[in-house]
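# Tertiary structure, described
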Amino acid sequence: MSDAGSPPQSKPPESIDAVPLSHPWRWVAAAVIIILVALFLWGAATNPAYGWSTYSEYLFNERILLGVFNTLQLTIYSMVIGVVLGVLLTVMRLSENPVMSAVSWVFLWIFRGTPVYVQLAFWGLFPTIYQNLQLGVPFGPSLLHVDLQSLSFPFALAVIGLALNEAAYMAEIVRAGITSVPEGQMEASTALGMSWGKAMRRTVLPQAMRVIIPPTGNELISLLKTTSLVTAVPYAFDLYSIATREIAARIFEPVPLLLVAATWYLIITSVLMVGQFYLERYFSRGASRKLTTKQLEALALAQKPAAG
């Protein structure tokens with residue numbers, strides 16, 4: 001017999017025989033999608049308008065490979081300059097100096113608020129707007145005089161235009177990453193005797209990279225595709241310009257050359273996506289949404305009623 005004061009013994013719950021719900025419409029939808037994709041691929045493979053023979057002929061053409069190389073140069077140079085300027089703009093934006101903060105805000109306002117094609121067209125007209133560049137003493141002799149109209153530097157102008165536009169977006173990405181780190185991290189680093197710069201390098205930025213890397217990878221991929229707009233400068237030696245304005249205009253077959261350009265863009269972006277994946281995994285070390293075994297055991301012990 002049980003004691004009068006003890007609670008009644010409860011029976012253990014019966015096991016539940018859970019039967020998963022069937023979803024036949026999922027299989028029907030999957031089958032329909034597979035059939036539609038197969039029909040599209042078959043139609044594209046047998047459609048002479050795609051010009052697959054021309055596509056295979058020009059896929060590894062010397063001029064196309066030159067365009068790929070120039071596109072990579074535009075992307076890398078513009079991204080490096082954009083990241084450096086973006087970090088500088090972030091420091092200015094977070095500065096307590098109102099002038100520095102205002103200058104950074106105006107820069108972001110202009111370059112994020114106007115189309116990149118318009119900006120590139122402006123840089124293409126830069127030698128026309130500023131025909132001469134002079135450096136010297138005010139109301140005195142000129143120490144340096146450069147005739148910009150006599151120079152031809154569309155590649156440099158394209159890099160400047162892309163980099164300045166990219167800097168505006170990178171500044172916001174870096175700012176979001178830095179502000180995502182709790183302020184206590186900086187305070188703790190300062191209490192340990194670190195300077196502001198060392199605390200940023202050793203404490204804040206490593207934690208902020210988890211927030212910075214994903215959108216930066218997206219920006220790099222977007223910048224790669226934006227290089228197709230440098231014809232506004234005008235710069236005519238990138239992948240898109242060579243494929244469409246040079247070769248396709250000569251042989252009067254735009255569709256296969258567009259496919260050639262799209263293939264190379266896909267190849268490069270795929271490589272960049274793989275690199276982004278490994279960078280994200282590297283900087284996310286030690287951060288997981290899943291509880292460890294020890295954490296689960298501690299949670300289970302905490303939820304057990306205290307023996308009385």
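Residues numbered from 1 in each chain as written. Predicted model: local features only at pLDDT ≥ 70, side-chain atom pairs only at ≥ 80, totals over all residues. Heavy atoms only, no water.

Going by the annotation in an unreviewed UniProt entry, the name recorded for the protein is Polar amino acid ABC transporter inner membrane subunit, with Mycolicibacterium aurum given as the source organism. One UniProt comment on the protein, placed under Sequence similarities (unreviewed entry), says "Belongs to the binding-protein-dependent transport system permease family." (UniProt positions renumbered as here; feature names shortened; annotations may be inferred.)

### Looking at the overall build of the protein
A count of helices and strands for the protein gives 12 helices and 2 strands. Listing every helix and strand of the protein by position from the N terminus yields α-α-α-α-α-α-β-β-α-α-α-α-α-α. For the protein, the accessible surface area stands at approximately 21,100 Å², while carbon and sulfur atoms represent 67% of it. (Helix = DSSP H or I, 4+ residues; strand = E, 2+ residues; numbered from the N terminus. Areas by Shrake-Rupley, 256 points an atom, 1.4 Å probe, with all protein chains shown as cover.)

### Observations concerning the UniProt feature "transmembrane region" (unreviewed entry) in the protein
Feature annotation in UniProt places "transmembrane region" (unreviewed entry) on residues 25-44, 64-91, 103-126, 146-165, 220-237 and 257-279, given in this structure's numbering. From the first C-alpha to the last, residues 220-237 spans 20 Å; its make-up is 39% helix and 0% strand. Secondary structure content for residues 257-279 is 100% helix and 0% strand, and the end C-alpha separation is 33 Å.

### Focus: the pattern of salt bridges
A full pass over the atoms with the stated rule returns 4 salt bridges. A salt bridge links Glu172 to Arg112, with the shortest nitrogen-to-oxygen separation between them at 3.7 Å. Of this pair, Glu172 sits in helix H7 (residues 154-179) while Arg112 sits in helix H4 (residues 98-113), placing them 60 residues apart in sequence. Judged by its relative accessible area of 18%, Glu172 falls in the buried class. Each of the salt bridges in this network shares a partner with another, and the network as a whole consists of Arg93, Arg112, Glu172 and Arg175. (Salt bridge = Lys/Arg side-chain N within 4 Å of Asp/Glu carboxyl O. Buried < 20%, exposed > 50% of the residue type's maximum accessible area, 1.4 Å probe, protein only.)

### Some thoughts on the packing of helix H3 (residues 62-94) against H7
Direction vectors running N to C along H3 and H7 enclose 45°, while the axes themselves pass 5 Å from each other. As summarised for this structure, H3 and H7 are arranged oblique, according to the angle between their axes. Judged by the sense of rotation from one axis to the other, the crossing of H3 with H7 is right-handed. Grouping the constituent residues of the contact of H3 with H7 by class yields 20 nonpolar, 6 polar and 4 charged. (Axes fitted to C-alpha atoms, helices over the stretch in contact; angles between N-to-C directions. Parallel < 35°, antiparallel > 145°, perpendicular 65-115°, else oblique. Left-handed = near helix turned anticlockwise from the far one by under 90°. Nonpolar A, V, L, I, M, F, W, Y, C, P; charged D, E, K, R; others polar.)

### Thoughts on the packing of aromatic side chains
Scanning the model with the defined rule gives 11 aromatic pairs in all. A centroid spacing of 5.5 Å and a plane angle of 85° characterise the contact between Trp52 and Tyr55, whose relative ring orientation is edge-to-face. With Trp52 and Tyr55 both in helix H2 (residues 52-58) and 3 residues apart, this pair spans about one turn of that helix. By relative accessible area, Tyr55 is classed as buried at 17%. Joined through ring pairs, the aromatic side chains of Tyr77, Phe155, Tyr235 and Phe237 make up one cluster. (Phe/Tyr/Trp six-rings, centres within 6.5 Å; stacked < 30°, edge-to-face > 60°.)

### Overview of the nonpolar core
Counting residues in hydrophobic clusters, the biggest one holds 34 residues, and the most contacted among them are Leu74, Leu89, Phe107, Leu108, Leu120, Val204 and Val230. Elements represented by at least two residues in this core include exactly H3, H4, helix H5 (116-124), H7 and helix H9 (196-226). Among the elements that take part in this core, H7 stands out by supplying 12 residues, more than any other. Not counting residues within four places of it along the chain, the set of residues in contact with Leu74 comprises Phe155, Ala158, Val159, Thr227, Val230, Tyr235 and Asp238. (Core = buried A, V, L, I, M, F, W, Y, C linked by side-chain atoms within 4.5 Å. Contact = heavy atoms within 4.5 Å.)

### Here we look at unusual backbone geometry
Here Val233 and Pro234 are connected by a cis peptide whose omega angle stands at 5°. Secondary-structure assignment places Pro234 in the loop between H9 and helix H10 (239-251). A positive phi angle is found at Phe252, which is not glycine, with a value near 60°. With respect to the element layout, Phe252 can be found in the loop between H10 and helix H11 (254-283). Exposure remark for Phe252: the relative accessible area of 70% places this residue in the exposed category.

### A short note on the packing of H3 against H4
Across the interface, H3 lies against H4 with an axial gap of 7 Å and an inter-helix angle of 130°. Considered as vectors, H3 and H4 are oriented oblique to each other. The crossing of H3 and H4 is left-handed. Contact with H3, carried on its side by Leu89, Met92 and Arg93, involves Met100, Ser101, Val103, Ser104, Trp105, Phe107 and Leu108 of H4 and no other residues of that element. For the contact of H3 with H4, the per-class residue count stands at 7 nonpolar, 2 polar and 1 charged.

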